[in-house]
Amino acid sequence: MSEQEFLQQIEAKAKELQECAIRIMPIKAGRIAKDHFQQNFRLGGFVNGGLHKWKVSKRIGKAKGAKGKYKTLLSGRNHLFNSIEYVVSDSMVVIENKVPYAAVHNEGLRAGRGKGFQMPQRQFIGDSQELTEEIQGMIETEITKILEL
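Here goes a summary of the coordinates provided.

Check the secondary structure of the chain and you find four helices and four strands. Going residue by residue from the N terminus, the α and β elements of the chain occur as α-β-β-α-β-β-α-α. Per-residue burial over the chain gives 30% buried out of 149 residues. A fraction of 54% describes how many contacts in the chain between residues 6 or more apart in sequence connect residues 24 or more apart. For the chain, the exposed area adds up to about 9900 Å²; of that, 54% sits on carbon and sulfur atoms.

Attention shifts here to the pairing of strand β4 (residues 92–97). By the bridge criterion, six bridges tie strand β3 (residues 84–89) to β4 in an arrangement that is antiparallel. Opposite serine 89, over in β4, you have methionine 92 as the bridge partner.

Applying the stated criterion across every chain, the model contains three aromatic pairs. Ring geometry for phenylalanine 41 versus phenylalanine 81: centroids 5.6 Å apart, planes at 85°, classification edge-to-face. Residue phenylalanine 41 is found in helix α1 (residues 3–43), and its partner phenylalanine 81 is found in helix α2 (residues 79–82); the two are separated by 40 residues along the sequence. On the basis of relative accessibility, which here comes to 0%, the residue phenylalanine 41 falls in the buried class. Accessibility expressed as a relative area gives 11% for phenylalanine 81, which makes it buried. Summarising the aromatic geometry, the rings of phenylalanine 41 and phenylalanine 124 are spaced 4.9 Å apart at their centres and angled 50° between planes, so their arrangement reads as tilted. Linking phenylalanine 41 in helix α1 with phenylalanine 124 in the loop between α3 (102–107) and α4 (129–147), this pair joins segments that are 83 residues apart in sequence. Assigned by exposure class, phenylalanine 41 and phenylalanine 124 land together as buried. Here the aromatic cluster, defined as three or more aromatic residues joined through ring pairs, consists of Phe41, Trp54, Phe81 and Phe124.

Okay, the side chain of glutamine 38 next. For glutamine 38, the location among the structural elements is in helix α1. With residues up to four places along the chain from it excluded, the contact list for glutamine 38 reads Arg31, Phe81, Asn82 and Ile84.

One can describe the packing of α1 onto α4 by two numbers: an axis separation of 9 Å at closest approach and a directional angle of 150°. Accordingly, the angle class assigned to the pair α1 and α4 is roughly antiparallel. Here α1 and α4 pass one another in a crossing that is right-handed. Listed contacts from α4 to Lys13, Glu16, Leu17, Cys20, Ile24, Met25, Lys28, Ala29, Ile32, Ala33, His36 and Phe37 of α1 are Glu130, Leu131, Glu134, Ile135, Met138, Ile139, Glu142, Ile143, Lys145, Ile146 and Leu147. Residues of the contact of α1 with α4, tallied by class, amount to 15 nonpolar, one polar and seven charged.

Analysis parameters
- Residues numbered from 1 in each chain as written.
- Predicted model: local features only at pLDDT ≥ 70, side-chain atom pairs only at ≥ 80, totals over all residues.
- Heavy atoms only, no water.
- Helix = DSSP H or I, 4+ residues; strand = E, 2+ residues; numbered from the N terminus.
- Buried < 20%, exposed > 50% of the residue type's maximum accessible area, 1.4 Å probe, protein only.
- Contact = heavy atoms within 4.5 Å.
- Areas by Shrake-Rupley, 256 points an atom, 1.4 Å probe, with all protein chains shown as cover.
- Pairing = 2+ DSSP bridges.
- Phe/Tyr/Trp six-rings, centres within 6.5 Å; stacked < 30°, edge-to-face > 60°.
- Axes fitted to C-alpha atoms, helices over the stretch in contact; angles between N-to-C directions.
- Parallel < 35°, antiparallel > 145°, perpendicular 65-115°, else oblique.
- Left-handed = near helix turned anticlockwise from the far one by under 90°.
- Nonpolar A, V, L, I, M, F, W, Y, C, P; charged D, E, K, R; others polar.

Next up, the structure:
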């Protein structure tokens, strides 16, 4: 291989890496994050350095019929669960949940249920060690695929 051919290959790989960083990795990272955060609902807690279980909802075990059979933060409609979205732009992804009461549950804020009612924090979106490691693994895999000759 001549020096010129080698430089052309380097330029081609650099262009491929740039395209991957701008479009492919953010899409894959968004999907991984959405799956991770939805898994928090299934597990009944937030995964960050292990599972941190949520305080159990008062309706669990007390409510009759359909209401009593669902886990904390889940329901027949799964509105909060299904509203986790990811928005991709160049070189980045934003995870969001636009449901008005999502922040109340995620951060444990004051809820409109009478004077002084504080919703217990049941975080389902946020920084997670396991999620970071999974995304880093995906990035390493994508870079390795591109750099293979």
